[in-house]
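Remarks on the overall topology
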Amino acid sequence: MSDIQKTYNEELNQTIKDLEEKARIIRQHVIEMIHEAGSGHPGGSLSAADILTALYFYIMRHDPKNLNWPERDRLVLSKGHAAPALYAALAESGYFPVEELITLRKLGSRLQGHPSMRHLPGIDMSTGSLGQGFSAAIGIALGGKLDRKDYYVYAILGDGEIEEGSIWEAAMSASHYNLDHLIAFLDRNRLQIDGRTEQVMSIAPVKEKWEAFGWNVIEINGHSIHEIIRAVDRAKTSEGRPNIIIAHTVKGKGVSFMEGSVHFHGKAPNDEQYQIAMRELRGKGVRP
Amino acid sequence: MKIMASAREVFGNVLMELGRKDHSIVALNADLSSSTKTSIFAKEFPERFFNMGIAEQNMMAAAAGLATTGKKVFASTFAVFATGRVYDQIRQSIAYPRLNVKIVATHGGITVGGDGASHQMLEDIALMRVLPNMTIIIPADAVETDRVIRYIVEHEGPSYIRLPRTKSPVLFSDDYTFEPGKGHVISEGDDVTIMAIGLLVDRAIDAAKLLKNKGISAGVVNMSCVKPIDRELIIECAGKTGAIVTAEEHSIIGGLGEAVASVLVQNAPCIQEMVAIPDVFGESGESEELMTKYGLTVEDIARKAERALERKAVMC
Ligand SMILES: Cc1ncc(C[n+]2csc(CCOP(=O)(O)OP(=O)(O)O)c2C)c(N)n1
Ligand SMILES: [Mg+2]
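Calculation notes
Residues numbered from 1 in each chain as written. Chains lettered and ligands numbered in written order. Predicted model: local features only at pLDDT ≥ 70, side-chain atom pairs only at ≥ 80, totals over all residues. Heavy atoms only, no water. Salt bridge = Lys/Arg side-chain N within 4 Å of Asp/Glu carboxyl O. Helix = DSSP H or I, 4+ residues; strand = E, 2+ residues; numbered from the N terminus. Donors = N, O, S within 2.8 Å, 3.2 Å for Na, K, Ca; no water. Buried < 20%, exposed > 50% of the residue type's maximum accessible area, 1.4 Å probe, protein only. Near = heavy atom within 4 Å. Polar contact = N/O pair within 3.5 Å; in protein donor to acceptor, adjacent residues only side chain to side chain. Areas by Shrake-Rupley, 256 points an atom, 1.4 Å probe, with all protein chains shown as cover. Nonpolar A, V, L, I, M, F, W, Y, C, P; charged D, E, K, R; others polar. Contact = heavy atoms within 4.5 Å. Buried area = accessible area lost by both parts, 1.4 Å probe. Domains from an automatic or database assignment. Pairing = 2+ DSSP bridges. Axes fitted to C-alpha atoms, helices over the stretch in contact; angles between N-to-C directions. Phe/Tyr/Trp six-rings, centres within 6.5 Å; stacked < 30°, edge-to-face > 60°. Lys NZ or Arg CZ within 6 Å of the ring centre and 35° of its normal. Right-handed = clockwise from strand over helix to strand, strands pointing away. Arc of directions from axis to C-beta.

What follows covers the pattern of salt bridges. Per the stated rule, a full pass over the model turns up 33 salt bridges over all chains. With a closest N to O distance of 3.2 Å, A:E164 and B:R85 form a salt bridge. Separated into two different chains, A:E164 in the loop between strand 2 (153-158) and helix 6 (165-176) and B:R85 in the loop between helix 5 (79-84) and helix 6 (87-95) make up a pair that spans both. Across the pair B:E273 and B:R307 runs a salt bridge whose closest N-O atoms are separated by 3.2 Å. Within this pair, whereas B:E273 is found in strand 14 (residues 271-277), its partner B:R307 is found in helix 13 (residues 298-315), the two being separated by 34 residues in sequence.

Written out as structure tokens, the structure is:
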């Protein structure tokens with residue numbers, strides 16, 4: 001291994017470590033916010049936390065001080081119920097004060113139950129009704145192409161969400177228009193509200209479906225920051241085809257009793273559960 | 001102390017009970033069976049329950065197809081997805097062919113709370129009202145929900161029932177009967193008539209008490225059947241009190257208020273005030289906070305009633 005390669009690897013390892021710490025902070029925010037609000041969706045927020053962290057703190061080109069920068073990368077949280085994780089990433093990025101996070105879902109807060117672009121800076125699209133954010137991302141990518149900009153558009157989809165028919169209308173149009181600057185993440189946590197995806201409405205074979213719709217498909221462990229970064233690098237080399245990164249995840253990741261639990265899709269932890277969750281997430285005591 | 005009960009729970013239980021006797025009843029859902037309580041039916045009759053996944057449009061058109069095979073079809077999800085998301089499926093495949101699909105939506109209105117505007121359906125009555133063949137019923141409490149589900153199962157044709165997320169006060173006793181197409185007079189009054197639906201009926205009753213203390217005699221009508229609406233009763237009330245207040249957890253556009261106004265203006269013009277959500281989207285907050293912010297409290301109803309009386313006085 002050359003010296004340059006070695007330095008590069010060491011730097012990357014450090015970056016990944018930092019990002020993993022950041023993800024832990026994001027998860028703590030998520031639990032705090034939802035506990036404070038008394039309602040919200042912890043499961044899907046925690047499963048997408050590593051993806052959002054890698055995007056906002058390493059991959060995406062964005063500037064909290066320059067909201068309307070035309071060249072900025074865009075992100076559409078199509079599974080809008082994971083808003084707490086997005087809000088935490090935005091606050092930690094500097095879009096608004098971290099102290100504001102605990103106003104989630106409260107009357108008068110900019111942190112609506114589902115992301116609203118007219119309430120909070122940094123939200124590229126209002127979402128909450130599943131299936132629609134993805135089409136909006138197609139539109140943003142079409143606009144970028146029209147304006148000859150080279151920004152990337154990221155979209156985060158739930159695996160239950162892709163049961164919506166409009167997802168496949170969007171999928172068809174993205175490959176028809178060769179939207180290679182579109183990079184979607186499928187949060188493949190295998191759960192929706194009424195149970196396991198394969199029990200409620202079988203979506204398998206997922207990879208083959210996207211391939212059949214003309215997409216470049218990459219499969220990764222959605223909790224490995226390294227794999228997330230590498231997958232996006234690979235996606236950026238695809239020419240003429242939209243990209244979907246199937247991120248295998250665990251719903252509720254990071255909190256033992258929420259992991260793989262359908263119960264915590266849309267339920268706030270009670271006081272006792274909150275204490276346990278925070279203890280687990282603080283681990284070595286990153287945050288006081 | 002008011003006794004609180006969940007209309008959703010009642011819906012789930014009654015549907016299951018009716019399903020025992022009537023094997024033509026089938027239930028469809030879109031990944032919200034626990035929230036809509038159709039999970040109760042699903043547990044008992046798994047073979048007559050179809051979870052269509054997060055795919056409401058498919059669910060509604062499939063409901064239409066099932067109805068053509070002689071089934072009594074119940075299709076349920078949150079009100080916002082049960083109407084707006086699937087408006088064209090309802091229009092083309094359920095209302096136009098006049099099929100026997102009963103849309104029972106939960107989580108209607110602003111009391112959805114924390115989820116915010118994306119999930120607070122404030123225009124479902126407007127959307128359903130404009131459809132020919134559609135019956136619309138908004139029960140006022142758990143008891144009426146029971147009666148309405150029992151009625152609607154035998155009713156042949158498209159219907160829309162809206163239930164709230166929250167528990168609500170029990171208003172009616174066991175001998176309560178629901179009469180389709182009829183407003184239900186809860187109390188008579190000489191000065192003003194308050195016509196309300198859903199969660200606003202309880203508040204209308206309290207508002208009438210408030211007004212009584214001020215020497216104002218207010219009648220209260222539960223207008224749960226929004227379509228077909230009880231024209232005779234509206235005309236009768238206009239004649240009797242000459243002042244009507246409508247109250248609903250819905251946009252001021254296209255809901256009960258405008259339905260009543262339309263009857264009045266064409267038959268018996270009379271003073272009307274509307275308690276409804278102004279022409280804006282909702283927001284996150286506690287149910288009760290939102291009801292207060294958007295003007296749906298007992299005091300709001302009483303204030304509008306007084307305003308109607310002032311206007312009436314000027315007219316005379
Ligand atoms: C159109 C629409 N239908 C139903 C819902 C209610 N809903 C919110 S989250 C959810 C389940 C989502 O499952 P999935 O996409 O797998 O998300 P995740 O597991 O990542 O939380 C449902 C049905 C909604 N928000 N939008
Ligand atoms: Mg999922």
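From this point, the discussion proceeds with the structure in view.
Let's shift gears to the coordination of the magnesium ion (ligand 2). Residues and elements named next belong to chain A. Bound to the magnesium ion (ligand 2) are the protein donor atoms D159 (OD), N189 (OD1) and L191 (O), situated 2.1 Å from the metal. The exposure class of D159 is buried, given its relative accessible area of 1%. L191 sits in the buried class, given a relative accessible area of 10%.

For ligand 1, the set of nearby residues contains 23 residues, the closest of which are A:K79, A:H81, A:D159, A:K251 and B:E56. Residue neighbours of ligand 1 fall on chains A and B, so the site bridges chains. Note that an oxygen atom of ligand 1 is positioned 2.8 Å from one of the backbone N or O atoms of A:E161. In this structure, B:E56 approaches ligand 1 through a side-chain N or O atom, which is 2.6 Å from a nitrogen atom. The protein chains hide 99% of the 600 Å² of surface that ligand 1 would expose on its own. Counted by class, the shell around ligand 1 contains five nonpolar, 10 polar and eight charged residues.

Residues and elements named next belong to chain A. Mapped onto the fold, W168 is located in helix 6. The buried category is assigned to W168, whose relative accessible area is 15%. Separated by 61 residues in the primary sequence, W168 and L107 place their C-alpha atoms 36 Å from one another. With residues near it in sequence (within four places) discarded, W168 still touches I162, K209, W210 and F213.

Contact with chain B, which involves 24 residues of that partner, is made by 24 residues of chain A. Note on chain B versus chain A: buried area summed over both sides is about 1800 Å², and carbon and sulfur give 44% of it. When the area that chain B buries against chain A is broken down by residue, the three leading residues are B:D31, B:I54 and B:R85, summing to 32%. Counting every contact that joins chain B to chain A gives two salt bridges.

All names here are of chain B. You can read the domains of chain B as domain 1 (4-169) and domain 2 (184-315). The centre of domain 1, based on its C-alpha atoms, is set 26 Å off from the matching centre of domain 2. Residue-level contacts link 33 residues of domain 1 with 31 residues of domain 2. When domain 1 packs against domain 2, the two sides together hide about 2300 Å² of surface, and 58% of this comes from carbon and sulfur.

The subject of this paragraph is the environment of B:A313. Residues and elements named next belong to chain B. The residue A313 is located in helix 13 in this model. A313 gets classed as exposed once you look at its relative accessible area, which sits at 54%. In the structure, A313 is positioned 20 residues away from K293 in sequence and 29 Å away in space, judged by C-alpha atoms.

We now examine the sheet that holds strand 9 (residues 184-187) of chain B. All names here are of chain B. The strand order across the open sheet formed by five strands is 9-11-10-13-14, and the pairing between neighbours is mixed. This sheet does not close on itself; its edge strands, each paired only once, are strand 9 and strand 14. Across the sheet, the axes of successive neighbouring strands diverge by a mean angle of 25 degrees, strand direction being ignored. Of the pairings in the sheet, the one linking strand 13 (residues 243-251) to strand 14 comprises six bridges and is parallel in character. Counterpart to T246 in the pairing with strand 14 is M274. The sheet contacts of helix 9 (residues 199-213) involve strand 9, strand 10 (192-196), strand 11 (218-222) and strand 13, and relative to strand 10 the element is tilted by about 160 degrees. Running at roughly 160 degrees to strand 14, helix 13 makes contact with strand 10, strand 13 and strand 14 of the sheet.

Below, the discussion takes up the sheet that holds strand 5 (residues 243-248) of chain A. All names here are of chain A. Judged by pairing direction, the sheet is parallel, and its five strands sit side by side in the order 1-2-3-5-4 without closing on themselves. Unpaired on one side and paired on the other, strand 1 (74-77) and strand 4 (216-221) mark the two borders of the sheet. Strand-to-strand twist across the sheet, computed as the mean angle between neighbouring axes with direction ignored, equals 20 degrees. With six bridges connecting them, strand 3 (residues 182-188) and strand 5 associate as parallel partners. Of the residues in strand 5, the one forming a bridge with D187 is A247. Sheet strands in contact with helix 3 (residues 49-59) are strand 1, strand 2, strand 3 and strand 5, and its direction is about 170 degrees off that of strand 2. Helix 5 (residues 132-146) contacts strand 1, strand 2 and strand 3 of the sheet and is inclined by roughly 170 degrees relative to strand 2.

This next bit is on the packing of aromatic side chains. As enumerated under the stated definition, the model contains 11 aromatic pairs over all chains in all. Look at A:F257 and A:F264: their rings are 5.6 Å apart centre to centre, the planes differ by 65 degrees, and that puts the pair in the edge-to-face class. The class of A:F257 is partly exposed, set by a relative accessible area of 26%. Exposure remark for A:F264: the relative accessible area of 4% places this residue in the buried category. Connected via pairs of aromatic rings, a cluster forms that spans A:F134, A:W168, A:W210, A:F213 and A:W215. In this arrangement the basic side chain of A:K236 is found over the ring face of A:Y152, its NZ or CZ atom lying 4.8 Å from the centre. Sitting above the plane of the B:F45 ring, B:R48 keeps its charged end 4.3 Å from the centroid.

Working note: regular strand, side chains alternate between the two faces of the sheet. Residue and element names in this part refer to chain A. Of all six residues in strand 2, six are buried; the element is thus mostly enclosed. Here strand 2 shows no split at all, with V153, A155 and L157 on one side and Y154, I156 and G158 on the other all buried. Where strand 1 lies against strand 2, four bridges are found, and the strand directions are parallel. Bridge pairing in strand 2 links R74 to V153. Handedness of the strand 2-helix 6-strand 3 crossover: right-handed.

Moving on, we get to helix 10 (residues 231-241) of chain B. Owing to its 3.6 residues per turn, the α-helix aligns residues three or four sequence positions apart on the same side. Residues and elements named next belong to chain B. Along helix 10, the residues classified as buried are L233, I234, C237, A238 and T241. Considered in projection along helix 10, the buried side chains sweep an arc of 140 degrees and stay on one side of the axis. Every exposed residue of helix 10 that faces more than 90 degrees away from the buried side is listed here: E232, E236 and G239. After helix 10 finishes, the residue G242 shows a positive phi value of roughly 65 degrees.

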